[in-house]
Amino acid sequence: MTERPFTSVWSDLAQVEFSQGYLEAGGYRTRYLHAGDTSKPALIMLHGITGHAEAYSRNLRSHSEHFSCWAIDFIGHGYSAKPEHPLEIKHYIDQVLAFMDAIGVEKAYFTGESLGGWVTAKLAQLHPEKVERIVLNTMGGTMANPAVMERLLTLSTEAANDPSWERVKARLEWLMADPSMVTDDLIKTRQAIFQQPDWKMACQMNMALQDLETRKRNMLSDDDLAAIKAPAMVLWTTKDPSGPVDEGRRIASLIPGAKLAVMENCGHWPQYEDTETFNRLHLNFLLGKDDPQVKDPA
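Figured I'd write up the structure that's included with this text.

Scoring rules and cut-offs
- Residues numbered from 1 in each chain as written.
- Predicted model: local features only at pLDDT ≥ 70, side-chain atom pairs only at ≥ 80, totals over all residues.
- Heavy atoms only, no water.
- Core = buried A, V, L, I, M, F, W, Y, C linked by side-chain atoms within 4.5 Å.
- Buried < 20%, exposed > 50% of the residue type's maximum accessible area, 1.4 Å probe, protein only.
- Contact = heavy atoms within 4.5 Å.
- 1 Å grid on protein atoms, 1.4 Å probe; cavity = no way out; pocket = protein on both sides within 12 Å on 5 of 7 lines; lining within 4 Å.
- Points joined across faces, edges and corners; volume = space filled by probe spheres on them.
- Helix = DSSP H or I, 4+ residues; strand = E, 2+ residues; numbered from the N terminus.
- Nonpolar A, V, L, I, M, F, W, Y, C, P; charged D, E, K, R; others polar.
- Expected span 1.5 Å × (residues − 1).
- Axes fitted to C-alpha atoms, helices over the stretch in contact; angles between N-to-C directions.
- Parallel < 35°, antiparallel > 145°, perpendicular 65-115°, else oblique.
- Salt bridge = Lys/Arg side-chain N within 4 Å of Asp/Glu carboxyl O.
- Phe/Tyr/Trp six-rings, centres within 6.5 Å; stacked < 30°, edge-to-face > 60°.
- Lys NZ or Arg CZ within 6 Å of the ring centre and 35° of its normal.

## Overview of the nonpolar core
Ranked by size, the top nonpolar core spans 99 residues in total, and within it Tyr92, Phe110, Leu115 and Ile255 carry the most contacts. In contact with tyrosine 92, not counting residues within four places along its chain, are Ile49, Phe74, Ile75, His77, Leu87, Leu115, Val119, Asn206 and Leu209.

If you want it as structure tokens, here you go:
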């Protein structure tokens, strides 16, 4: 295991002018981290299942030079409201659209990791007028692998029932190719979320998509992907625990004109694990610049 210097969310954000806030979006309180001048194009950053806005703590600095960045906590996640009903993709989309209304943004760039990519893709399909460009980062919604779903459900439920250091650490290590990337600070950040009184209920609600029947009715079909009109980049990793690079390539081949970028030696959180590479690939695509690592999905 690699020995790493101590890092924290605060050291990630120390050189960033940012704000944290809460606002009402569609009747639900939504927490956000914001960085960048609001006169710049909006970039909405969407995390994965049981995640939170800090998933993008290492990306706000570089991206806020070009965008008004909004990393949000989905409902049922982080410090946003926790509805007492199973959460499906339509609920997250409703939250995002209401959040856009609340911040006065008609159209935005989107980047989504895992669940966030699933929501981004479906939003782009259903509401093309709201979307400029999209990045789908180790996205969910195209596969229903029982082993992966069971592992994710087990780790998440165990951490909800007993938010001990070891169980929260195990849940985070699932995300990473290199477990040493799971720092004490990251564990504590997530443990505090999992220790909220309503988290056990919230986890049951946000795990709804790990139920096979619920998942099936929310999944993205090939036709759904083919209907996406926004310029898209599918970003995958060589060590993603949710599915192989071939799945990323397949998704990119179905979205008209989509590009594919593959990052080496990263798991489910490439934006955190290899920040420098991710930021370069990500920004070049969002800004319409060529990058030799961003290719057609041949």
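The rest of the description comes next.
## A closer look at empty space enclosed by the protein
All told, the structure shown has two cavities of 30 Å³ or more when counted by the stated rule. Each pocket or cavity is described by its volume, and for the largest cavity that value is around 220 Å³. Per-element tally for the lining of the largest cavity: the top contributor is helix H5 (residues 146-161), with three residues. Of the residues that constitute the lining of the largest cavity, the class distribution is eleven nonpolar, nine polar and one charged. Taken as a whole, the second largest cavity spans an internal volume of roughly 90 Å³. Gly48, Ile49, Glu113, Leu175 and Trp269 are the residues nearest the centre of the second largest cavity, which is lined by 15 residues in total. Across the lining of the second largest cavity, the residue classes tally to six nonpolar, six polar and three charged.

## Description of helix H13 (residues 275-286)
The terminal C-alpha atoms of H13, which comprises twelve residues, lie 16 Å apart, in line with the 16 Å expected from a rise of 1.5 Å per residue. Buried residues dominate H13, accounting for ten of its twelve residues.

## Section: the packing of helix H6 (residues 165-173) against helix H7 (residues 184-194)
Packing of H6 against H7 brings their axes to within 9 Å, and their N-to-C directions diverge by 110 degrees. Between H6 and H7, the crossing angle belongs to the class labelled roughly perpendicular. For the pair H6 and H7, contact is made by Trp165, Val168, Lys169, Arg171 and Leu172 and by Asp184, Leu186, Ile187, Lys188, Arg190, Gln191 and Phe194, respectively.

## Some points on the pattern of salt bridges
Enumeration according to the criterion identifies 14 salt bridges in this entry. Between glutamate 106 and lysine 130 there is a salt bridge, with its nearest N and O atoms 4.0 Å apart. One end of the pair, glutamate 106, is in the loop between helix H3 (89-103) and strand E5 (108-113); the other, lysine 130, is in the loop between helix H4 (115-126) and strand E6 (131-137), with 24 residues separating them in the sequence. Judged by relative accessible area, glutamate 106 falls into the exposed class, the value being 61%.

## Some points on the layout of surface pockets
By volume, the second largest pocket amounts to about 180 Å³. What lines the second largest pocket is Val9, Trp10, Leu13, Phe18, Gln20, Arg31, Leu33, Glu54, Asp185 and Thr189. Elements represented by at least two residues in the lining of the second largest pocket include exactly helix H1 (9-13), strand E1 (18-25), strand E2 (28-35) and H7. Per-class residue counts for the lining of the second largest pocket are five nonpolar, two polar and three charged.

## Notes on the packing of aromatic side chains
Enumeration according to the criterion identifies eight aromatic pairs in this entry. The interplanar angle of 45 degrees and the centroid separation of 4.8 Å between the aromatic rings of phenylalanine 74 and tyrosine 92 together place this pair among those described as tilted. With phenylalanine 74 in the loop between strand E4 (68-72) and H3 and tyrosine 92 in helix H3, this residue pair connects regions lying 18 residues apart in the sequence. Of the residues examined, phenylalanine 74 reaches a relative accessible area of 0% and is grouped as buried. Measuring from centroid to centroid gives 5.3 Å for tryptophan 269 and tyrosine 272, while their planes differ by 55 degrees, and the two rings are tilted. The residues tryptophan 269 and tyrosine 272 share a single accessibility class, namely buried. Pairwise contacts between aromatic rings join Tyr32, Trp70 and Phe99 into one cluster. When the ring centre of tyrosine 272 is taken as reference, the NZ or CZ atom of arginine 58 above it lies at 3.8 Å. The side chain of arginine 133 reaches across the aromatic face of phenylalanine 285, ending 4.9 Å from its centre.

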